[in-house]
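What follows is each chain in one-letter form.
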Amino acid sequence: MSADQRAPREAVPDAGDGAGLPSLRGSLFASELRTLFRRRRTQAILAVLAGVPVLIAVAVRLSSADGEGGRGGPPLIDRLSHNGLFVGLTALIVSIPLFVPVAIGVVAGDTIAGEANLGTLRYLLVAPAGRTRLLLVKYAGAAAFCIAAPLTVVLVGAGIGAALFDVGPVPLLSGDTVSVPESMLRALLVAGYVAVSMLGLSAVGVFVSTLTEIPVGAMAATVTLAITSQILDALPQVDWLHPYLMSHYWLSLGDLLRTPVSWDSFGSNAVLQAGYVLVFGALAWARLTTRDVLS
Amino acid sequence: MTDRTAGQSGEQAISTTGLVKAYRRQTAVAGIDLSVPRGAVYGFLGPNGSGKTTTIRVLLGLSSATAGEVRVLGRPMPRDLRSVLPRVGALVEGPAFYPFLSGADNLRRLDAADRDAPARTRSVRVARALERVGLTNAAGKRVRAYSLGMKQRLGIAAALLGPRDLLVLDEPTNGLDPQGTREVRHLVAGLAADGATVFVSSHLLAEVEQVCTHVGVMSAGRLVAQGTLAELAATGTSRLHLLTPDGGTAAGVLARLGLDGAIVDGEDVTAVLPASAVPEPEKIVAELVRADVRVRGFTLARESLEDRFVALTGEGFDVVR
């Protein structure tokens, strides 16, 4: 937040009696974001995610330097050497099955269990934060991380790609070519798609987090569920289940890389994720609002 | 203080009726009727594991009561939790903070959690609370680097972030050095002087005796005594010690005066005086002399509050349950 924004906000009176939008500054949500993103662990997770595009770019750069022309690697990876703008996208797609869900699992699994483990949960409740409000703030914080994680990969990827490779108009899956700014927009769109994809997993993570006082357990359970979902999605024997699995549309982001953009999978994914958020959000609410806080 | 101890619930900072908290295996609190008058400094005493913290959790709405009614600041809990808790500062079962945040940032976060706390005055109130517990110089340090005593102080600072009508302090002197313990005592006295009700739990009577106006004693989930400090002391017994070669005769005289069970051991005669309806000591001596008992020494020792406390809760080091 820059200094020039501060002055007018200062003049805004408190959010009265709940009328109108309360200012974000100084709110519990702002505090949650600060606490989340200033934490070393969160920064380390984002650094690991940022390492994925760096690793890919450096590896491709080195191999194409000796090989000249490539040895017929995966098509997307191969294109990197021609256009650096593919780095972020490739890194994100590579991270979707494991890196991103692990990151989300750590953050979402920690939401309530982490506070319980530190003992700060009881002080937040006595403040009083309100159990429903605390849950909403905690979920909103996890959702903000869902945006931050893919965004980090895409932005760092674009940066390192531009530094190591040529940058120019990008050919899409449909065969059309888009300009550099348009391709950046597409990359952000894909990041947004991944963010939406992770909302359901976050809700699962927050729910698991209300069940325990051991954050590591909640994190592990959340990541395990994410991987189980992907395994089931790969088994044709349970294909009736596939459309209901939270990971079903995780990799269906090809539609966003065509011209014109097809929003079908985006829509289906959003509906599915909203379902997960509702169901697991309700479960988390039922659990947190009735439980004895003994930690 | 006595003029403020009137019994209606409106005058009570905390009142519970038949409060029970049972877990699957055991009953942690077995039906207690707390009565904490407004403006009192109430010492909530009892050995470890007697149900003090469980009671405090229920009072603050962290746990739900299995049975019974709870009113805090005249309002039913946990129904009116949202309007009651902003006026309550609490330290529950030791301090707990984010180790990766500074002391001041921890307080800011807790203050942000309270919807009624205005963000505009946050920095000022945080600074004032830190100053009050002597942590101004450590405000920017991460809590990870705090000593236990500093964390305890920070916990008390958190309880003092806003204007409070009631302070619930669970073992506030835990981990503090004697100097810190004295400071907490001063702090409690100061808060009470400002008109706040202070509910302070401790397993050490000596720590709260000097500042309390009222005392409640817990033992194995029950409230075994409650009242003003004077009332509690008055219900205690006294011990009579007589030095005489005529032990047998003396025991007879004492029995006639209603002091049964005198123990004669050589020249020492001891007897326990009940708190009520005791003949004056000089009358006992006169009666002894009249019966030709050679009184060589006569002392009457009032039981200390400490003895009373031990009598109520048991001496044992063992965990009762």
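Our subject is the structure that appears above.
For the structure given in this document, a descriptive report is provided here. Residue numbers here run from 1 along each chain, matching the order of that chain's written sequence. Naming scheme: in the order in which they are written, chains are lettered from A and ligands are numbered from 1. Reporting in this predicted model follows two pLDDT cut-offs: at least 70 for local features of residues, and 80 or more for side-chain atom pairs to be given and counted; totals over whole chains, interfaces and linings ignore these cut-offs and use all residues.

### Here's the deal with the overall build of chain A
We count a stretch as a helix when DSSP gives it H or I for four or more residues in a row; a strand needs E for two or more, and each element gets its number in order from the N terminus. Within chain A one finds eleven helices and two strands. Ordered by position from the N terminus, the helices and strands of chain A form the series α-α-α-α-α-α-α-α-β-β-α-α-α. Counting other C-beta atoms within 10 Å of its own, a residue is labelled buried from 20 upward, exposed at 12 or fewer, and partly exposed in the gap between, with every C-beta atom placed from the backbone. In chain A, which comprises 295 residues, the proportion classed as buried is 43%.

### Considering the pairing of strand β9 (residues 197-202) of chain B
Residue and element names in this part refer to chain B. Of all the six residues making up β9, six are buried; the element is thus mostly covered by neighbouring parts of the structure. Residues Thr197, Phe199 and Ser201 point to one face of β9 and Val198, Val200 and Ser202 to the other, with burial holding for every one of them. Whether two strands pair comes down to DSSP finding at least two bridges between them. Relative to β9, strand β4 (residues 41-45) runs parallel, the two being bridged by five bridges. Along β9, the bridge assignment pairs Phe44 with Ser201. Direction of pairing for strand β8 (residues 166-170) relative to β9: parallel, over a ladder of five bridges. Looking at β9, one finds that Val168 is bridged to Phe199. A clockwise course of the path from the first strand over the helix to the second, judged with the strands pointing away from the viewer, identifies a crossover as right-handed. Regarding topology, helix α6 (residues 178-193) serves as the crossover connection from β8 to the parallel β9, and that connection is right-handed.

### Observations regarding helix α5 (residues 86-95) of chain A
Every α-helix carries 3.6 residues per turn, so stepping three or four residues along brings you back to the same face. Of all ten residues in α5(A), eight are buried; the element is thus mostly enclosed. Residues Phe86(A), Val87(A), Gly88(A), Leu89(A), Thr90(A), Ala91(A), Leu92(A) and Ser95(A) constitute the buried set of α5(A).

### Description of the sheet that holds β4(B)
Residue and element names in this part refer to chain B. The six strands lie next to each other as β7-β8-β9-β4-β10-β11, forming an open sheet whose pairing is mixed. Each edge of the open sheet is held by one strand with a lone partner, namely β7 (88-91) and β11 (222-228). When strand polarity is set aside, the average angle formed by the axes of neighbouring strands in this sheet is 10 degrees. By definition, residue pairs are in contact when their C-beta atoms, positioned from the backbone, come within 7 Å. Only the stretch in contact is used when fitting a helix axis, every axis being a line fitted to C-alpha atoms; angles between N-to-C directions are given from 0 to 180 degrees. Its contacts with the sheet place helix α1 (residues 52-59) against β4, β8, β9 and β10 (214-219), and it is angled at close to 150 degrees to β8.

### Overview of the nonpolar core
Side chains that are nonpolar tend, in soluble globular proteins, to be buried together. Ranked by internal contacts, the top residues of the largest apolar core, which has 157 residues, are Ile104(A), Ala157(B), Val168(B), Val198(B) and Phe199(B). Per-element tally for this core: the top contributor is helix α8 (residues 131-164) of chain A, with 16 residues. Dropping the residues within four chain positions of it, Phe199(B) is found in contact with Ile14(B), Val36(B), Tyr42(B), Phe44(B), Leu166(B), Leu167(B) and Val168(B). We define the nonpolar core as any set of buried residues of the types Ala, Val, Leu, Ile, Met, Phe, Trp, Tyr and Cys, connected via C-beta atoms lying within 7 Å of each other. Counting twelve residues, the second largest nonpolar core, distinct from the first, contains Leu240(B), Ala251(B), Val253(B) and Leu273(B).

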